[in-house]
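Below are the chains, spelled out letter by letter.
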Amino acid sequence: QVQLVESGGGLVQPGGSLRLSCAASGSIASIYAMGWYRQAPIKQREVVALISSGGATMYADSVKGRFTISRDNAKNTVYLQMNSLKPEDTSVYYCNAQEWATIPAEFGSWGQGTQVTVSS
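Residues numbered from 1 in each chain as written. Predicted model: local features only at pLDDT ≥ 70, side-chain atom pairs only at ≥ 80, totals over all residues. Heavy atoms only, no water.

A. Just the pattern of salt bridges, in detail. In total, this model carries four salt bridges according to the counting rule given. Put simply, K64 and D61 hold a salt bridge, and the shortest N to O gap is 3.1 Å. Between R66 and D89 there is a salt bridge whose closest N-O contact spans 2.7 Å. Here the residue R66 occupies a position in the loop between β6 (57-59) and β7 (67-72), and D89 occupies one in the loop between β8 (77-82) and β9 (91-98), the gap between them amounting to 23 residues. (Salt bridge = Lys/Arg side-chain N within 4 Å of Asp/Glu carboxyl O. Helix = DSSP H or I, 4+ residues; strand = E, 2+ residues; numbered from the N terminus.)

The following block contains the structure:
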């Protein structure tokens, strides 16, 4: 499994922007899918955005048009650009690597999480 380290979280006002980064310990070029998930207190973890090894993307309805996931295989890093942030985006954000299509993402590699707080 790859090791993942997130960064870029913090406190931002509503309407602001943040960019999260997820640095992997090894090559991500062949990993089936990379993703960002989030979990708020007393809520279940939910998928935010996914990107496949071929570059196809998927977004949760709640973030479509506001968030953009991207990957830089040369840097072994995945990014989540978050714009027009809302208080309901407040959560701990986790990076995930689903290495194989036949093994669900929940059994892949996870980062330690980074806190995003949207508040005035």
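B. Quick peek at the environment of A40. Relative to the helices and strands, A40 resides in the loop between β4 (33-39) and β5 (46-52). Since its relative accessible area comes to 18%, A40 is described here as buried. For A40 and E6, which are 34 residues apart along the polypeptide, the C-alpha to C-alpha distance reads 17 Å. Beyond its immediate stretch of four places on either side in the chain, A40 contacts T90 and S91. (Buried < 20%, exposed > 50% of the residue type's maximum accessible area, 1.4 Å probe, protein only. Contact = heavy atoms within 4.5 Å.)

C. Summary view of the sheet that holds strand β1 (residues 4-7). Across the sheet, four strands lie side by side as β1-β3-β8-β7; this open sheet has antiparallel pairing. Where the open sheet ends on each side, the last strands, each with one partner, are β1 and β7. Averaged over all pairs of adjacent strands, the angle between their axes in this sheet comes to 15 degrees, without regard to strand direction. By the bridge criterion, four bridges tie β1 to strand β3 (residues 18-24) in an arrangement that is antiparallel. Residue pairing across strands places E6 opposite C22, the latter belonging to β3. (Pairing = 2+ DSSP bridges. Axes fitted to C-alpha atoms, helices over the stretch in contact; angles between N-to-C directions.)

D. Broad picture of unusual backbone geometry. The phi torsion at N76 lies on the positive side, around 50 degrees, for a residue other than glycine. Mapped onto the secondary structure, N76 falls in the loop between β7 and β8. The phi dihedral of S84 is positive, around 50 degrees, even though this residue is not glycine. Taking relative accessible area as the criterion, S84 reaches 42% and is therefore assigned partly exposed.

E. Molecular detail of the state of the cysteines. In the structure shown here, the tally under the stated rule is one disulfide. Two residues, C22 and C95, share a disulfide whose sulfurs are 2.0 Å apart. Since a negative S-S torsion denotes a left-handed disulfide, the C22-C95 link at about -80 degrees is left-handed. Taken together, the residues C22 in strand β3 and C95 in strand β9 connect sequence positions 73 residues apart. The buried category is assigned to C22, whose relative accessible area is 1%. The exposure class of C95 is buried, given its relative accessible area of 0%. (Disulfide = S-S within 2.5 Å.)

F. Region of the structure containing the packing of aromatic side chains. Counting across every chain of the model gives one aromatic pair. Centroid distance Y37 to W110: 5.0 Å. Interplanar angle 65 degrees. Geometry classified as edge-to-face. Pair noted here: Y37 is in strand β4 and W110 is in strand β10 (residues 109-110), with a separation of 73 residues, a long-range link. Since its relative accessible area comes to 13%, Y37 is described here as buried. Given a relative accessible area of 24%, W110 falls into the partly exposed group. Positioned above the aromatic ring of Y94 is the side chain of R45, whose terminal nitrogen or guanidinium carbon lies 5.5 Å from the ring centre. (Phe/Tyr/Trp six-rings, centres within 6.5 Å; stacked < 30°, edge-to-face > 60°. Lys NZ or Arg CZ within 6 Å of the ring centre and 35° of its normal.)

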